[in-house]
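Okay, here's what each chain looks like letter by letter:
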Amino acid sequence: MGSALSTPDTAEHLVGSFVGDVSIPLSSDFWQKLLELPFDAELPSQRLHQACQLLVQNNRNTRHLAKILFHLACYLQESISTSGVLQLVYEKAVNAVYLTSVFLKHLIESAQDGDVELYLSLHDSESIPKNILRDQTIENLVMRNVLNFIASVDVSPNTYFLHLELLNFMIIAISTQLLCGPSPGPNDVNPFLDAAMAQDSHLVTSVVCNLLLNYITRPRVPFNRASYSIFYDRSQNSVLKRVGSAAANIVLLPFSYLISSSSEGSRNPIADSSLQVLLVLIHYHKCLVSEGYSVLKNQVSASSDSSPKDNTYFSDNPYCRALERAIDCELDCVDKEGNAHSDQHVKLPFAPLFDTLGMCLADETAVLLLYSFLQGNSTFLEYVLVRTDLDTLLMPILEALYDARRMTAYQIYMLLIILLILSQDTSFNAGIHKLILPTVPWYKERLLYQSSLGSLMVIILIRTIQYNLSKLRDVYLHTTCLATLANMAPHVHRLSAYASQRLVSLFDMLSRKYNKLADLRDGKLNIAENNSIERSSLVEDMSAELQIYTDFLRLVLEIINAILTYVLPQNPEVVYAIMHKQEVFQPFKNHPRFDELVENIYTVLDFFNSRMDAQRMNGDWSVNLVLQVIIMNCRSWHADGMKMFTQLHFTYEQESHPEEFFIPYVWQLVLSRWSYTFVSC
């Protein structure tokens, strides 16, 4: 490590020996000296970088990474099993995990073409304590002890930093997934992730529970711990602090298709890191090859009819399964058949989890956790749906969608899917119209006074559609918004005047887009009349886009129809809105896709227009007078003359390969917060 002399037992000498080409036996006292380096042991950043490069060169022969991981596992075992653990034991474990993290991270980053080789097995000549390793691999021993510590040792002022650094170590260890690409393949190498998946179900359940409890309770940094001054003195450049700053550079890993996030970092390092680890674990899927199928043979055989994807499958994820089976510990833990829940269930306090999510939904990781619970855990979904304070969750979601221009498409997707999942329940759709909001201070375009939560949701969904039309032009976003509105429509109650206007204006806007496309298509077809090839191509391209807008228009008409058919008497403002802009429906009276739906609207218009004509007025009609007539005649309205359509009901289903979306998304969130985690400490 350079020409400067260093004496034995100094930081530079010990680190130099660790990264050198001489293999040091596992039983040597060198390892204890290395892992007991004081917190203020200084090593310049340039020397540290040189040390990392040397370890990459020499680790294959020395297996020093495997040996330091072994000793880390031993320190953790001592921290778990010793009664009345001394603070010195925890501090040695913190040193061990710090030093291990920085070199492990560099080895992972140094992988060539995504092919990571950490050489985690020890040489046969190595003397290994059989009572510790037994028949386990190094990675399994380390992950078992890391997870055991997280699951069995409470976060306290004494253990806080060991918990935090173990969580950060896990993020580094499982970051091999970043080398594999967005979709898992049978040749992926993720030794620590696979070791985590191989743990017994009781440990997995305890880990998921404690990670979530960390997120809920949000333990605070024990600032009175003077022995951890390294976390606060940024002028120091010690070996162990360099672990933090070096690990922050994990974004250098070759994952270029990630979209950077502008979200603020977490203000609670333990809660933030716990959630990051949990999200990576629950969304991991190991790709396995079907029996009798050879990946190598398929790669070299050009005549093969089957693709590798057709001959692979994904193993079960125990962490995902544990999350899906979580139950409310504050309720009687007995199921509907009278059977007591087993210890294999994650038992969580749903009330504080609900409140914590509501408080943190400005953060994308919280949104993804909420989605994971609502999509996978029917017990938590039922709990959410019976809450009377749904504004706790919905207001942060609607506020985020209101400012959609600041979000990535990933964020918008997740928020809209959450709303779609909730809208599948009829009691939710009815309940949100009973909850009245005094004001909505973040809505700037108009003063929303005494508006229902349901009306606000309609306004924001329509606003999102309009934003998508002008900026993203994503068909999936349109469909999700309209599907949610369609689920809500038969249960709308006293939709506000502004929400009703926006609904009719949405039809007007889409109809103008539709007409413009139709005119554009006809004009281009006339120009290309003599060129059959060009004409055929234009017909195909323009017709496809026109069909999309046809479907959107029909869906909006069905939403309006559902309100008029099922809940017209409770929605006089909707009647007023369609009467006010009734001319926008006229061009579609004879359209083959819309005629029956528009006919229903004109049945309503004819009924209320005739009542208006029957009122003899001297002077102009005011808005209030028109509304009074509508409200009065709503009492005598009956839907006998309306053509009844099947009530629309949309449900959300995950794609067949959700990992292709969630793996990149989860790691995007982890990477965007990684550097902040260390600074916050």
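Values in this document were obtained by computation on a predicted structure and should not be read as measured data. (Residues numbered from 1 in each chain as written. Predicted model: local features only at pLDDT ≥ 70, side-chain atom pairs only at ≥ 80, totals over all residues. Heavy atoms only, no water.)

Chemist: Would you mind going over the overall build of the chain with me for this structure?
Modeler: Per the secondary structure count, the chain includes 28 helices and six strands. In the chain, of all internal contacts separated by at least 6 residues, the share reaching a separation of at least 24 is 78%. (Helix = DSSP H or I, 4+ residues; strand = E, 2+ residues; numbered from the N terminus. Contact = heavy atoms within 4.5 Å.)

Chemist: Before we go on, may I ask you to explain the environment of isoleucine 80 in this structure?
Modeler: Looking at where isoleucine 80 falls in the secondary structure, it is placed in helix H4 (residues 64-81). A sequence separation of 68 residues divides isoleucine 80 from asparagine 148, and the C-alpha atoms of the two residues are 7.8 Å apart. The residues touching isoleucine 80, leaving out its near neighbours within four places in the chain, are Asn145, Asn148, Phe149, Ser152 and Val153.

Chemist: Is there a simple way to think about the packing of aromatic side chains in this case?
Modeler: The description of two aromatic rings rests on the distance between their centres and on the angle between their planes. Counted according to the given criterion, the structure contains 31 aromatic pairs. Both rings, one in phenylalanine 661 and one in tyrosine 665, keep their centres 5.7 Å apart while their planes meet at 45°; by these two values the pair is tilted. Of this pair, phenylalanine 661 and tyrosine 665 both sit in helix H28 (residues 659-680), four residues apart, which is roughly one turn of the helix. Relative accessible area serves as the criterion here: at 22%, phenylalanine 661 is assigned to the partly exposed category. Residue classification places tyrosine 665 among the buried residues on the basis of a relative accessible area of 0%. Cluster of aromatic residues (ring-pair linked, three or more members): Tyr371, Tyr410, Tyr413, Tyr476, Tyr652, Phe661, Phe662 and Tyr665. (Phe/Tyr/Trp six-rings, centres within 6.5 Å; stacked < 30°, edge-to-face > 60°. Buried < 20%, exposed > 50% of the residue type's maximum accessible area, 1.4 Å probe, protein only.)

Chemist: Can you help me understand unusual backbone geometry in this one?
Modeler: Negative phi characterises most residues that are not glycine, and trans characterises most peptide bonds. Of note in this structure, arginine 218 is not a glycine but carries a positive phi near 55°. Here arginine 218 is to be found in the loop between helix H10 (201-217) and helix H11 (239-247). With relative accessibility at 18%, the residue arginine 218 sits in the buried group. Of note, arginine 494 is a non-glycine position whose phi angle comes to about 50°, a positive value. Within the secondary structure, arginine 494 is located in the loop between helix H22 (475-488) and helix H23 (497-527).

Chemist: Help me out: how do you make sense of the pattern of salt bridges in this one?
Modeler: Oppositely charged side chains can pair when the atoms bearing their charge come close. Within the structure shown, the criterion is met by 17 salt bridges. The salt bridge partner of arginine 463 is glutamate 445, with a shortest N-O separation of 3.2 Å. With arginine 463 in helix H21 (residues 453-472) and glutamate 445 in the loop between strand S5 (436-439) and strand S6 (449-452), this pair connects stretches of sequence that are 18 residues apart. When salt bridges with common partners are traced through the structure, they connect Asp355, Arg387 and Asp389 into a single cluster. (Salt bridge = Lys/Arg side-chain N within 4 Å of Asp/Glu carboxyl O.)

Chemist: Help me understand H10 in this model?
Modeler: Given 3.6 residues to a turn, an α-helix orients residues that are three or four positions apart in the same direction. Between the first and last C-alpha of H10 there are 24 Å, a value that for 17 residues agrees with the 24 Å anticipated at 1.5 Å per step. Of all 17 residues making up H10, twelve are buried, and the element is well covered by its neighbours. Turning to H10, its buried residues number three or more, namely Leu203, Val204, Thr205, Val207, Val208, Cys209, Asn210, Leu211, Leu212, Asn214, Tyr215 and Ile216. At the N-terminal boundary of H10, the capping side chain belongs to aspartate 200, with an oxygen 3.1 Å from the backbone nitrogen of histidine 202. (Expected span 1.5 Å × (residues − 1). Polar contact = N/O pair within 3.5 Å; in protein donor to acceptor, adjacent residues only side chain to side chain.)

Chemist: Where do I start with helix H15 (residues 350-360) in this structure?
Modeler: Taken as a whole, H15 has its buried residues at Phe350, Leu353, Phe354, Thr356, Leu357, Gly358 and Cys360. Considering only its buried residues, H15 is in contact with H10, strand S3 (327-328), strand S4 (347-348), helix H16 (364-376), helix H17 (378-386) and helix H18 (391-402).

Chemist: What is the right way to look at the confidence of the model for the chain in this model?
Modeler: Keep in mind that low pLDDT regions are not for reading the predicted coordinates in detail. On average, residues of the chain score 83 in pLDDT, and 81% of them reach the 70 mark or higher. Here residues 225-266 is a poorly scored stretch, pLDDT under 50, and it has 120 contacts once near neighbours within four places are set aside; other chains count. (pLDDT = per-residue confidence, 0-100.)

Chemist: It is not clear to me how the packing of helix H19 (residues 409-423) against H21 should be interpreted in this structure. Could you clarify?
Modeler: The relative placement of two packed helices is expressed as an angle between their axes plus a distance between the axes. Across the interface, H19 lies against H21 with an axial gap of 13 Å and an inter-helix angle of 145°. Judged by the sense of rotation from one axis to the other, the crossing of H19 with H21 is left-handed. Here Ile412, Leu416 and Leu419 of H19 come into contact with H21, specifically with Met457, Leu461, Thr464, Tyr467 and Leu472. (Axes fitted to C-alpha atoms, helices over the stretch in contact; angles between N-to-C directions. Left-handed = near helix turned anticlockwise from the far one by under 90°.)

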